[in-house]
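Descriptive analysis of the structure
Here are the chains, one letter per residue:
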Amino acid sequence: MILSIDTSCDETAAAVVSGRRVLSNVIYSQVLLHKKWGGVVPSIAKRAHEERIDLVIAQTSTRWINFFDFIKAIAVTIGPGLAPALEVGIKTAKELAEKFNKKIISVNHLEGHIYSPFVQNSKGNPKIDFHFPYLVLTVSGGHTNLVIFEDHLKYKVIGETIDDAAGEALDKAAKLLGLGYPGGPIIERLAKEVDNRDFYHFPRPMIEGDNLNFSFSGLKTSFYYFLKKMDQEERIKKLRELTSSFQQAVFDTLIIKTEKAIKKTGIKNLALVGGVSANFYLRKLFRQLAKKYQGQVLFPSFKYLTGDNAAMIGVAASYKAQKNLFVSDIKNLDRLPRMSL
């Protein structure tokens, strides 16, 4: 059994994992704290993590008497993420490891996302086996990248964002329209009301050539100047058409890049992970893409796709534990370089 901790952004999360099975999982969301600011404020996130981390871990462990007698190791996310937020989880993991004489496993946050479709509940469901290799597209507020998941703990990045992430672009579009934060779910709902059609044909960035990197800053700029030409009344009247068209531009870009990756690598099995993978329309597009190439597409359970998710971190850590990939110097854990896949 592994106790895993994730405080990489705006949710305080802890879980108890045995292999791929999640025995306990607790998440405290800070969304309401950041809502009025239209995005995550690092200092507020850090303070909220500090206030909640002990309680979240305590709630995670209530099923067991003498909880730490059963724990083999403590896993913690060491990056990427908000540095002030990450520090809270790392500090807590170090203190617990020293107090209870436990080993520590450091986990890359993106590693956790890659394993998220394979997370099981306490009864071992869903019974999804591994059929390597996979093309994994991570789409969240902070990350957009394409990775070849070659085998356990073996990853090759073949495309990543050179500026803004897809989720961040959706949040920015929602903010420009006065829709609040987080913007992705609101845009999804409004776009669905007009059948996810494309009315304004905004740019699809960096889709020419074989390059598999992403860029969404130009799309955001194009949307900004398009809105400037409209008065407030027209924006409100065309709100559904605007959100649907912007979402379509983002998703088209993701699909085009993923299809290029399929052709380039010959890999047909796909996984769509990260917070934006909760979008039902994006899932539909990926199912269609997988069917076109006679491949399989996997999605995380809705419980295990949020940004700060200790369950997926724990599952990734369990494979590291099997290979004895523990942190050798706990005291210098917070000085480790922020891992990149």
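Residues numbered from 1 in each chain as written. Predicted model: local features only at pLDDT ≥ 70, side-chain atom pairs only at ≥ 80, totals over all residues. Heavy atoms only, no water.

**Let's talk about the packing of helix α2 (residues 42-60) against helix α3 (residues 83-100)**
- Running from N to C, α2 and α3 cross one another at 30°; their axes reach a closest spacing of 8 Å. Between α2 and α3, the angle is such that the two are roughly parallel. Note on packing geometry: the crossing formed by α2 with α3 is right-handed. Taken together, the residues of α3 that come into contact with α2 (itself represented by Pro 42, Lys 46, His 49, Glu 50, Ile 53 and Ile 57) are Pro 84, Ala 85, Glu 87, Val 88, Thr 92 and Leu 96.
- Partitioning the contact of α2 with α3 into residue classes produces seven nonpolar, two polar and three charged. (Axes fitted to C-alpha atoms, helices over the stretch in contact; angles between N-to-C directions. Helix = DSSP H or I, 4+ residues; strand = E, 2+ residues; numbered from the N terminus. Parallel < 35°, antiparallel > 145°, perpendicular 65-115°, else oblique. Left-handed = near helix turned anticlockwise from the far one by under 90°. Contact = heavy atoms within 4.5 Å. Nonpolar A, V, L, I, M, F, W, Y, C, P; charged D, E, K, R; others polar.)

**Re the pattern of salt bridges**
- Applying the stated rule across the entire model yields nine salt bridges.
- Among the ionic pairs, Glu 168 bridges to Lys 220, the shortest N-O distance being 3.9 Å. Here Lys 220 lies in helix α7 (residues 217-228) and Glu 168 lies in helix α5 (residues 166-176), a separation of 52 residues in the sequence.
- Among the residues examined, Glu 168 registers a relative accessible area of 33% and is labelled partly exposed.
- Where Glu 259 meets Lys 292, a salt bridge forms, and the shortest distance between an N and an O atom there is 2.6 Å. A residue pair is termed long-range when its members are at least 10 positions apart, and Glu 259 in helix α9 (residues 239-265) and Lys 292 in helix α10 (residues 280-292) qualify at 33 residues.
- By relative accessible area, which is 57% here, Lys 292 ends up exposed.
- Because the salt bridges share partners, they merge into one network encompassing Asp 164, Glu 168 and Lys 220. (Salt bridge = Lys/Arg side-chain N within 4 Å of Asp/Glu carboxyl O. Buried < 20%, exposed > 50% of the residue type's maximum accessible area, 1.4 Å probe, protein only.)

**Here we look at the sheet that holds strand β3 (residues 21-29)**
- An order of β3-β2-β1-β4-β5 is seen for the five strands of this open sheet, with the pairing classed as mixed. At either margin of the open sheet sits one strand with a lone partner, and together these are β3 and β5 (103-108). Geometrically, the sheet is characterised by an average inter-axis angle of 20° between neighbouring strands, direction not taken into account.
- With six bridges joining them, strand β4 (residues 73-79) and β5 adopt parallel strand pairing. The partner of Val 76 across the bridge, within β5, is Ser 106.
- Here α2 sits on the sheet in contact with β1 (2-6), β2 (11-18) and β3, set at roughly 25° to β2.
- Strand contacts of α3: β1, β4 and β5, with the helix running at about 155° to β4, the strand carrying the most contacts. (Pairing = 2+ DSSP bridges.)

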